[in-house]
Amino acid sequence: MRRLPRRKTINLVRELDAFPKVSESYVETSASGGTVSLIAFSAMILLAILEFFVYRDTWMKYEYEVDKDFSSKLRINLDITVAMKCQHVGADILDLAETMIMSNGLQYESVVFDLTPQQRLWQRTLSLIQNRLREEHALQEVLYKTLLKGGPTALPPREDVAVEPLSACRIHGHAYVNKVAGNLHITVGKPIHHPQGHAHIAAFVSHDTYNFSHRIDHLSFGEEVSGIINPLDGTEKITFNNNQMFQYFITVVPTRLNTYKISTDTHQFSVTERERVINHAAGSHGVSGIFVKYDTSSLMVTVSEQHMPLWQFLVRLCGIIGGVFSTTGMLHRLVGFCFDVICCRFKLGVYRPRQGVLLHNQMNNHQTPLLPENVPQE
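All figures in this text were calculated on a predicted structure; none of them were measured in a lab.

A. Geometry of the overall build of the protein. Of regular secondary structure, the protein possesses six helices and 15 strands. Burial analysis of the protein (378 residues in total) assigns 33% to the buried set. For the protein, long-range pairs separated by at least 24 residues make up 81% of all intrachain contacts whose partners lie at least 6 apart in sequence. Taken as a whole, the protein presents about 25600 Å² of accessible surface, with 60% of it coming from carbon and sulfur.

B. The arrangement of helix H2 (residues 31-56) in detail. With 26 residues, H2 ought to run about 38 Å at 1.5 Å a step, and its terminal C-alpha atoms sit 38 Å apart, in line with that. Among the residues of H2, those classed as buried are Gly33, Ala40, Met44, Glu51 and Tyr55.

C. Main features of the side chain of His185. As for its placement among the helices and strands, His185 is situated in strand S7 (residues 182-188). In terms of polar contacts, His185 uses its side chain to reach the side chain of Asp92, at 2.6 Å.

D. Layout of the layout of surface pockets. Roughly 630 Å³ of volume is contained in the largest pocket. Around the largest pocket sit 37 residues that line it, and Asp79, Ala154, Leu155, Arg170 and Asp217 are the ones nearest its centre. Residue assignment for the lining of the largest pocket shows that the elements contributing at least two residues are strand S2 (73-82), strand S5 (106-111), strand S6 (168-178), strand S10 (214-221) and strand S13 (263-277). Of the residues forming the lining of the largest pocket, the biggest block, five residues, is contributed by S10.

E. A look at empty space enclosed by the protein. Counted under the stated rule, the structure contains one cavity of 30 Å³ or more. By volume, the largest cavity amounts to about 40 Å³. If you trace the largest cavity, you find it lined by Leu78, Ile80, Leu184, Ile186, Ile216, Leu219, Ile290 and Val292. A per-class count over the lining of the largest cavity returns eight nonpolar, no polar and no charged.

F. Up close: the packing of aromatic side chains. What the rule picks out here adds up to five aromatic pairs. A ring pair is formed by Phe52 and Phe313, whose centres lie 6.4 Å apart and whose planes are at 65°; its orientation type is edge-to-face. Here Phe52, found in helix H2, pairs with Phe313, found in helix H5 (residues 310-347); they are 261 residues apart in sequence, far enough to count as distant. The buried category is assigned to Phe313, whose relative accessible area is 10%. Centroid distance Phe221 to Phe269: 5.5 Å. Interplanar angle 75°. Geometry classified as edge-to-face. Placement of Phe221 in strand S10 and of Phe269 in strand S13 is noted, with a sequence separation of 48 residues between them. Note on accessibility: Phe221 and Phe269 belong to one class, buried.

G. Quick peek at the sheet that holds S10. In spatial order, the strands read S5-S6-S2-S10-S11; together these five strands make up an open sheet with antiparallel pairing. Strand pairing shows two members of the sheet lacking a second neighbour, S5 and strand S11 (235-237), which therefore form its edges. Direction aside, the axes of adjacent strands within the sheet are offset by 15° on average. By the bridge criterion, six bridges tie S5 to S6 in an arrangement that is antiparallel. Bridge assignment links Tyr108 to a residue of S6, and that residue is Ile171.

H. Fine view of the state of the cysteines. In total, this model carries one disulfide according to the counting rule given. The disulfide that involves Cys86 links it to Cys169, with 2.3 Å between the sulfurs. Here the S-S torsion is close to 105°, and the disulfide linking Cys86 with Cys169 is therefore right-handed. With Cys86 in the loop between S2 and strand S3 (89-95) and Cys169 in strand S6, this residue pair connects regions lying 83 residues apart in the sequence. Take Cys86: its relative accessible area is 9%, and that puts it in the buried class. We classify Cys169 as buried; its relative accessible area is 0%.

I. Representation of the pairing of strand S14 (residues 289-296). Pairing of S7 with S14, which is carried by six bridges, proceeds in the antiparallel orientation. Note that in S14 the partner of Thr187 across the bridge is Gly289. Relative to S14, strand S12 (residues 244-258) runs parallel, the two sharing eight bridges. Considered in S14, the bridge of Met245 is made with Gly289.

J. Spatial organisation of the nonpolar core. Counting residues in hydrophobic clusters, the biggest one holds 33 residues, and the most contacted among them are Ile171, Leu219, Phe221, Ile250, Ile290 and Tyr294. Listing elements by their share of this core, those giving two or more residues are S2, S3, S6, S7, S10, S12 and S14. No other element matches the five residues that S2 contributes to this core. Each residue touching Tyr294, except ones within four places of it in the same chain, is listed here: Ile76, Ile93, Val177, Val180, Ala181, Gly182, Asn183, Leu184, Phe221, Ile250 and Val252.

K. Highlighting a nonpolar patch on the surface. Judged by side-chain polarity, Ile45, Leu46, Leu47, Ile49, Leu50, Phe52 and Phe53 come together as a nonpolar surface patch covering roughly 660 Å² of accessible area. Considering the arrangement of structural elements, one finds Ile45 in helix H2. For Ile45, a relative accessible area of 53% puts it in the exposed group.

Procedures and definitions
Residues numbered from 1 in each chain as written. Predicted model: local features only at pLDDT ≥ 70, side-chain atom pairs only at ≥ 80, totals over all residues. Heavy atoms only, no water. Helix = DSSP H or I, 4+ residues; strand = E, 2+ residues; numbered from the N terminus. Buried < 20%, exposed > 50% of the residue type's maximum accessible area, 1.4 Å probe, protein only. Contact = heavy atoms within 4.5 Å. Areas by Shrake-Rupley, 256 points an atom, 1.4 Å probe, with all protein chains shown as cover. Expected span 1.5 Å × (residues − 1). Polar contact = N/O pair within 3.5 Å; in protein donor to acceptor, adjacent residues only side chain to side chain. 1 Å grid on protein atoms, 1.4 Å probe; cavity = no way out; pocket = protein on both sides within 12 Å on 5 of 7 lines; lining within 4 Å. Points joined across faces, edges and corners; volume = space filled by probe spheres on them. Nonpolar A, V, L, I, M, F, W, Y, C, P; charged D, E, K, R; others polar. Phe/Tyr/Trp six-rings, centres within 6.5 Å; stacked < 30°, edge-to-face > 60°. Pairing = 2+ DSSP bridges. Axes fitted to C-alpha atoms, helices over the stretch in contact; angles between N-to-C directions. Disulfide = S-S within 2.5 Å. Core = buried A, V, L, I, M, F, W, Y, C linked by side-chain atoms within 4.5 Å. Patch = residues over 30% accessible without salt bridge, like charges linked within 9 Å, V, L, I, M, F, W, Y side chains within 5 Å. Salt bridge = Lys/Arg side-chain N within 4 Å of Asp/Glu carboxyl O.

Purely geometric numbers; function is a separate question.
Below you can see the structure in the form of structure tokens.
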């Protein structure tokens, strides 16, 4: 196939041009049209900028599937402070079948229950975040996307040396349990492990020393991920009754988190709180203490960070430009038509033809022209 000459090629391309060209002599300019054009161009630029910010943003996609991993262990991370001395309280974990009791991974540390001003400020800030998370669930997605940027969620250490007596006990550490329902409880007396069950030695503890006011600095399941705020972090309960029972009912959901910054397996959980006074005379039976009853869900949630593809952004951008251009053109023509109709009604009357049109019609109505008088007739 021989090559076409350059001029013929240019002519061929011009003939293939499908876009209509209007000569400038046929274009009527007006002040209203220029104003509408400026408004349309401004709207296009503004919407294009907003669409660019949407393109830069990401969102979290949630997928649900059955959790088939039942043989692995579940890690429990705990950091709780009880307003009792360490020799008077004990913590252990018991699963549903009562075949496993674990408390070896938990450590006891004598501390001061009251917080310093810096620690109190941290706790108040965390409480405000927790309240916002309960109201605005979409904020959890922001936390997922900024895990590595967030500051530490642990309680900051004391900035001074405590001069008050160490009358509280901080129980912290982690333990691995089976992925079945269980009960983490902190009550009076050290736990005793034996094949038939478990027990707490509480006979040598005076009833007047019972005080289960507590503060949960951290409670999570699975591997710890920096930046995640759990539902019970920063919880503080104060009681003035010696026989007080605090119960937390937790449902743990395995979660696989895949973002552009981190990819890990963690666990989410929802919690329901209940507290009551133990009074056997009034029919309120039980044991004073703190009980965290948890159960694992059979579903696993996969949270992945999604981003808008480039082709979709370009399609939406073309839609914005074409839509604004077409809409403003139709509105301009509609407003101009209405304005012309109103002006014609007030100035020229309704459906009054122009004078030039009348003269043209009169000329057309005379089919036979008049003959002059001096023309001889046959």
